[in-house]
Amino acid sequence: MKITDLKCTVLGQNPVVRITTDEGINGWGEAESTKPYLKPHILFYKQWLIGEDPTNVERVMLKIRRMGSFKPWGSAVSAIEMALWDIAGKAAGVPVYKLLGGKVRDQVRVYNGGVRFPMEGYEPEDYAANMAKMKAAPEGFTIIKQAIGFHSPLLHRRPDLFYGQVYSGPPHGNRGLLTERGLQHLIACVEAMKAVLGDEIGLALDCGPGMVPTDTIRLARALEPLNILWLEDTINGDYNPYVLADVYRDITMSTSTPIHTGEQIYLRHNFKELIERQAVNIIGPDPADIGGIAELKWVAEYADLHGILIAPHGIFDGLIGLAALVQVCATLPQNYIAFEYPLGNPAWWYDIVEGLPRPIVREGLIEVWDRPGLGIELNAEAARPYLPAGDEDFFDN
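Residues numbered from 1 in each chain as written. Predicted model: local features only at pLDDT ≥ 70, side-chain atom pairs only at ≥ 80, totals over all residues. Heavy atoms only, no water.

Participant: How should the overall build of the protein chain be read in this particular structure?
Facilitator: Counting secondary structure elements, the protein chain contains 15 helices and 16 strands. Taking 397 residues into account, the globule formula puts the C-alpha radius of gyration at 21 Å, and the protein chain, at 21 Å, falls close to it. Judged by the C-alpha coordinates and their principal axes, the protein chain covers about 65 × 40 × 40 Å. Counting over 397 residues, the protein chain shows a buried share of 59%. The long-range share in the protein chain, meaning contacts at least 24 apart out of those at least 6 apart in sequence, stands at 72%. Once the 36 positive and 50 negative side-chain charges of the protein chain are each reduced to a mean point, those two points are 3 Å apart. (Helix = DSSP H or I, 4+ residues; strand = E, 2+ residues; numbered from the N terminus. Rg over C-alpha atoms; globule rule 2.2 N^0.38 Å. Buried < 20%, exposed > 50% of the residue type's maximum accessible area, 1.4 Å probe, protein only. Contact = heavy atoms within 4.5 Å. Lys, Arg positive; Asp, Glu negative; His and termini not counted. Charge placed at Lys NZ, Arg CZ, Asp CG, Glu CD.)

Spelled out as structure tokens, the structure:
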């Protein structure tokens, strides 16, 4: 089998990869909806894919992997890798999880990072009311993640939150020391959310990047009685092309509240220090950023050897990304907690992707399906109306 073409279009806001072969088998991959600009970057790799056997996934990846980088530039490589595994599974007639070592679990747990309701405000009572709505969501999530502090609109709503100027522009550009009033406000908001959830549903907090280490330690210690599942990306994370393992280790050693990071990190090499120094309690690689699903599995196994848990990121990965997450997370070791549940946006995505269960999530879990490859297909006729101008031939052979 040989690769005959690498195609890319943008459906909604998600770049979608289609790899075609001389045996008529297609492979699908997807990048995050926050990166609609990636199409030229994805197509850059085409010259090294044509003529390769897509079922030799690692051999193909060796040609292109080193030419990616931290979020967002690892996404192109990651989407291609997903599509290669999709072809390999279809060619073998087995689901991708079989090629990754087989299932550890029949259902995969997901956490809610994307099923959202409009916030009425940013006072503790507003967070509590919003949490009550998420608690009642039909998916029955057992873990909910909420953005606070530097990862939320609070900076624009409460100018006294920290000692610093609030900048607009690219995401997560603010950083500084919290005021005492700001720290107390964050604690009050978390207490209000936890009062709604009780011990029935776990609460995780997306905090930054932007916090300084001393504030992270103060917040983590203050929240210890609440048994928060984790504090995510406090000092760095989203779109920061570095790790800061030494700083994270200082924080992790100073509190019993679990510390989490990793969504922006590309490749196992850049998780090495974080894991070997046990700098965090939980890592959160995203299959659409780390270099693909096999890379995510490798890092999960290595983290498990060091007593570190994994809760993969995935909020913007779309429905093809969801299928990839289901397949790889079925194979992860017992350090797996849950992955962040991605949505189809716009809603017509659910009309163009075939093979997903209905409903997808029951009681916070997704049943692992057994169809070959990633187990989903794009319905070309249903999707054609949404193709952007110039990509009318995307589904053509």
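Participant: Which parts of the structure should I look at to understand the nonpolar core?
Facilitator: One recurring pattern in soluble globular proteins: nonpolar side chains tend to sit buried together. In this structure, Ile 19, Leu 205, Leu 274, Ile 283, Phe 339 and Ile 366 are the most contacted members of the largest nonpolar core, which totals 130 residues. In terms of residue count, the dominant contributor to this core is helix 4 (residues 75-92) (ten residues). Once you skip the residues sitting within four places of it in the chain, Phe 339 turns out to touch Val 108, Arg 109, Val 110, Tyr 111, Pro 312, Leu 322, Leu 325, Val 326, Cys 329 and Ile 366. (Core = buried A, V, L, I, M, F, W, Y, C linked by side-chain atoms within 4.5 Å.)

Participant: Whenever I open this one, the sheet that holds strand 1 (residues 3-11) confuses me. Can you help?
Facilitator: Spatially, three strands are ordered 1-2-3 in an open sheet, and the strand pairing comes out antiparallel. The open sheet has two free edges, formed respectively by strand 1 and strand 3 (27-30), since each of these has just one partner strand. Put simply, the sheet's adjacent strands are angled 20 degrees from each other on average, direction ignored. Two elements, strand 1 and strand 2 (residues 14-21), share eight bridges in a ladder whose sense is antiparallel. Across the sheet, the residue bridging to Thr 9 is Val 16, located in strand 2. Its contacts with the sheet place helix 4 against strand 1, strand 2 and strand 3, and it is angled at close to 155 degrees to strand 3. (Pairing = 2+ DSSP bridges. Axes fitted to C-alpha atoms, helices over the stretch in contact; angles between N-to-C directions.)

Participant: So what exactly am I meant to see when it comes to the side chain of His 313 here?
Facilitator: Mapped onto the fold, His 313 is located in the loop between strand 12 (309-310) and helix 13 (318-329). For His 313, a relative accessible area of 4% translates into the label buried. Contacts of His 313, omitting those with residues within four sequence positions, involve Glu 32, Lys 71, Tyr 111, Lys 145, Glu 232, Glu 263, Gly 284, Pro 285, Asp 286, Pro 287, Leu 325 and Glu 340.

Participant: Can you help me understand the pairing of strand 2 in this one?
Facilitator: Across a regular strand the side chains alternate sides, sitting on one face of the sheet and then on the other. Counting buried positions along strand 2 yields eight of eight residues, so the element is predominantly enclosed. With burial as the criterion, each face of strand 2 is covered, one bearing Asn 14, Val 16, Arg 18 and Thr 20 and the other bearing Pro 15, Val 17, Ile 19 and Thr 21. The antiparallel hairpin formed by strand 1 and strand 2 contains two residues in its connecting segment, where Gly 12 sits at a positive phi of about 70 degrees. Where strand 2 meets strand 3, four bridges bridge the pair, whose relative direction is antiparallel. Each residue of the ladder has a partner; that of Val 17, found in strand 3, is Gly 29.

Participant: Sorry if this is basic, but what is going on with the packing of aromatic side chains here?
Facilitator: Where two aromatic rings form a pair, the distance of their centres and the angle of their planes describe that pair. Summed over the entire model, instances satisfying the criterion amount to 13 aromatic pairs. Both rings, one in Phe 44 and one in Trp 48, keep their centres 5.1 Å apart while their planes meet at 70 degrees; by these two values the pair is edge-to-face. A relative accessible area of 37% places Phe 44 in the partly exposed class. For Trp 48, a relative accessible area of 27% puts it in the partly exposed group. One aromatic cluster is present, built from ring pairs that chain together Trp 28, Phe 394 and Phe 395. Here the guanidinium or amino end of Lys 71 rests over the ring plane of Tyr 239, the centre of that ring lying 4.9 Å away. (Phe/Tyr/Trp six-rings, centres within 6.5 Å; stacked < 30°, edge-to-face > 60°. Lys NZ or Arg CZ within 6 Å of the ring centre and 35° of its normal.)

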